[in-house]
Amino acid sequence: MSSEITVDSTSTGSPNAAPGAASVLELQDVKCAYGGVQAVNGISMKVAPGAFIGLIGPNGAGKTTLLDCVSGFNRAYSGKVFMNGREISRRQPHQIADLSLMRTFQVPRLFRHMTVLSNLMVAPQHQRGEGLLNSFFRRSWKEQELANLQRARETLAKFAITDVAENYASDLSGGQERIAELSRTIMSVPKVLLLDEPFAGVSPSNRLRLADHLSMLSVEMSVTVVMIEHRLEWVERLCHLIYVMAGGRLIAQGSMEDLRKNRQVLEAYLGEAPGAKTSEQ
Ligand SMILES: Nc1ncnc2c1ncn2[C@@H]1O[C@H](COP(=O)(O)OP(=O)(O)OP(=O)(O)O)[C@@H](O)[C@H]1O
Ligand SMILES: [Mg+2]
């Protein structure tokens, strides 16, 4: 059975989207099970271009699994996913990344035996030196590599992790790993960015910087963002519209103010009001 509500950020919530505007991302009745566990149980949603969407819900709600399906890291699902009207259901992750739909992971995935800077340098898609023919035209790929190096350094500076640029990824703290992964994702200039708990493990002093940068990506670069996050104060600050998942279904949508008054949402959090996890840790 499909989720009881169909959420549609193209008609509400995004200040950047005209009502009824075409969706950049559309999910139709997505379902995914692990053995007997129905992790995602009929999710339909439309995400407007330029929207900054929050996806919240208690542990085990199915949020990460949903992102895995959309980004191609889990292709054992039913239902359909569209990006800019083009069906991308069950495509390989690299095919989806080629369409500029990028993601970060709940547990950051970096090349651990490479430096942070090298991790960023390998990110941009279709580098000129990769093709055999292009490799003969040394000047052109060298120029691109220098441009990438400059961008990588600028990106690290924006996130204030320049001091670990030459460190191996395996030596980073949890928060630094997360920011390095996000920096690498941004090197690929995403159109749609799916974030899985970007604030987890990030030091309190860096959270504001991270929030500013995510906001800049959305407002200045028109990146469409879907962000899973348990730290609800950041969800409230950044997101135009928040969707709540529980038991594999979407149970509510709205502003944090709306959701705080929603009984179904409060019950899903087992009596724990959204906002209870908002204290700095
Ligand atoms: N690889 C897996 N194999 C078996 N079951 C899984 C697997 N991944 C997730 N699950 C189960 O699927 C359900 C949804 O998990 P998922 O990780 O998507 O939830 P989540 O909302 O991201 O939770 P959290 O907030 O804790 O990260 C849970 O019951 C979980 O135990
Ligand atoms: Mg998760």
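Residues numbered from 1 in each chain as written. Chains lettered and ligands numbered in written order. Predicted model: local features only at pLDDT ≥ 70, side-chain atom pairs only at ≥ 80, totals over all residues.

Caption draft 1: Seen up close, helix α7 (residues 204-219). With 16 residues, α7 ought to run about 22 Å at 1.5 Å a step, and its terminal C-alpha atoms sit 23 Å apart, in line with that. Within α7, the full set of buried residues consists of Leu210, Leu214 and Ser218. Take α7 and look down its axis: the buried residues cluster within an arc of 70°, on one side only. Those residues of α7 that are exposed and angled more than 90 degrees off the buried face are Ser205, Leu208, Asp212 and Met216. Structurally, α7 contributes buried residues whose contacts are with β4 (52-56), α6 (174-187), β9 (224-228) and α8 (232-238). (Helix = DSSP H or I, 4+ residues; strand = E, 2+ residues; numbered from the N terminus. Expected span 1.5 Å × (residues − 1). Buried ≥ 20, exposed ≤ 12 C-beta atoms within 10 Å, placed from the backbone. Arc of directions from axis to C-beta. Contact = placed C-beta atoms within 7 Å.)

Caption draft 2: Seen up close, the confidence of the model for the chain. Looking at the chain as a whole, its pLDDT mean stands at 86, while 82% of the residues score no less than 70. A low-confidence stretch, residues 11-20 stays under pLDDT 50, and its non-local contacts, those more than four residues away or across chains, total 23 contacts. (pLDDT = per-residue confidence, 0-100.)

Caption draft 3: Up close: the site of ligand 1. Taken together, Tyr34, Val37, Ala39, Gly57, Asn59, Gly60, Ala61, Gly62, Lys63, Thr64, Thr65 and Gln106 are the residues near ligand 1. The set of elements that each furnish at least two residues to the shell around ligand 1 consists of β3 (37-47) and α1 (63-71). Of the residues forming the shell around ligand 1, the biggest block, three residues, is contributed by α1. Tallied by class, residues from the shell around ligand 1 come to four nonpolar, seven polar and one charged. (Near = placed C-beta within 6 Å. Nonpolar A, V, L, I, M, F, W, Y, C, P; charged D, E, K, R; others polar.)

Caption draft 4: How the structure looks around the pairing of β3. The pairing of strand β2 (residues 25-34) with β3 spans eight bridges and is antiparallel. Of the residues in β3, the one forming a bridge with Ala33 is Gln38. The loop that links β2 with its antiparallel partner β3 comprises two residues; one of these, Gly35, has a positive phi angle of about 55°. (Pairing = 2+ DSSP bridges.)

Caption draft 5: Spatial organisation of α6. For α6, spanning 14 residues, the distance from its first C-alpha to its last is 20 Å, which sits close to the expected 20 Å at 1.5 Å a residue. Immediately downstream of α6, the backbone of Val189 shows phi near 50°, a positive value.

Caption draft 6: Main features of the nonpolar core. Within the largest apolar cluster, 72 residues are counted, with the highest numbers of intra-cluster contacts made by Val30, Ile53, Val225, Met227 and Val244. Examining the composition of this core, we find that six residues originate from one element, strand β10 (residues 241-246), more than from any other. If we skip the residues at most four places from it in the chain, Met227 touches Ile53, Gly54, Leu55, Leu195, Pro198, Leu238 and Cys239. (Core = buried A, V, L, I, M, F, W, Y, C linked by C-beta atoms within 7 Å.)

Caption draft 7: Fine view of the pairing of strand β11 (residues 249-254). Within β11, five of the six residues are buried, leaving the element largely enclosed by the surrounding structure. Sheet topology places β10 next to β11; five bridges connect them, and they run antiparallel. The partner of Tyr243 across the bridge, within β11, is Gln253. Following β10, the chain reverses through two residues before pairing antiparallel with β11; Gly247 in that reversal takes a positive phi of roughly 55°.

Caption draft 8: Up close: the sheet that holds β4. If you trace the six strands from one edge of the open sheet to the other, you get β7-β8-β9-β4-β10-β11, paired in mixed fashion. On the outer flanks of this sheet lie β7 (101-103) and β11, each paired with one strand and no other. In this sheet, neighbouring strand axes are inclined to one another by 20° on average, regardless of whether the strands run parallel or antiparallel. One ladder, built from three bridges, connects β7 with strand β8 (residues 192-196); its direction is parallel. The partner of Met102 across the bridge, within β8, is Leu193. Relative to the sheet, α1 contacts β4, β7, β8, β9 and β10, its axis offset from that of β8 by approximately 150°. (Axes fitted to C-alpha atoms, helices over the stretch in contact; angles between N-to-C directions.)

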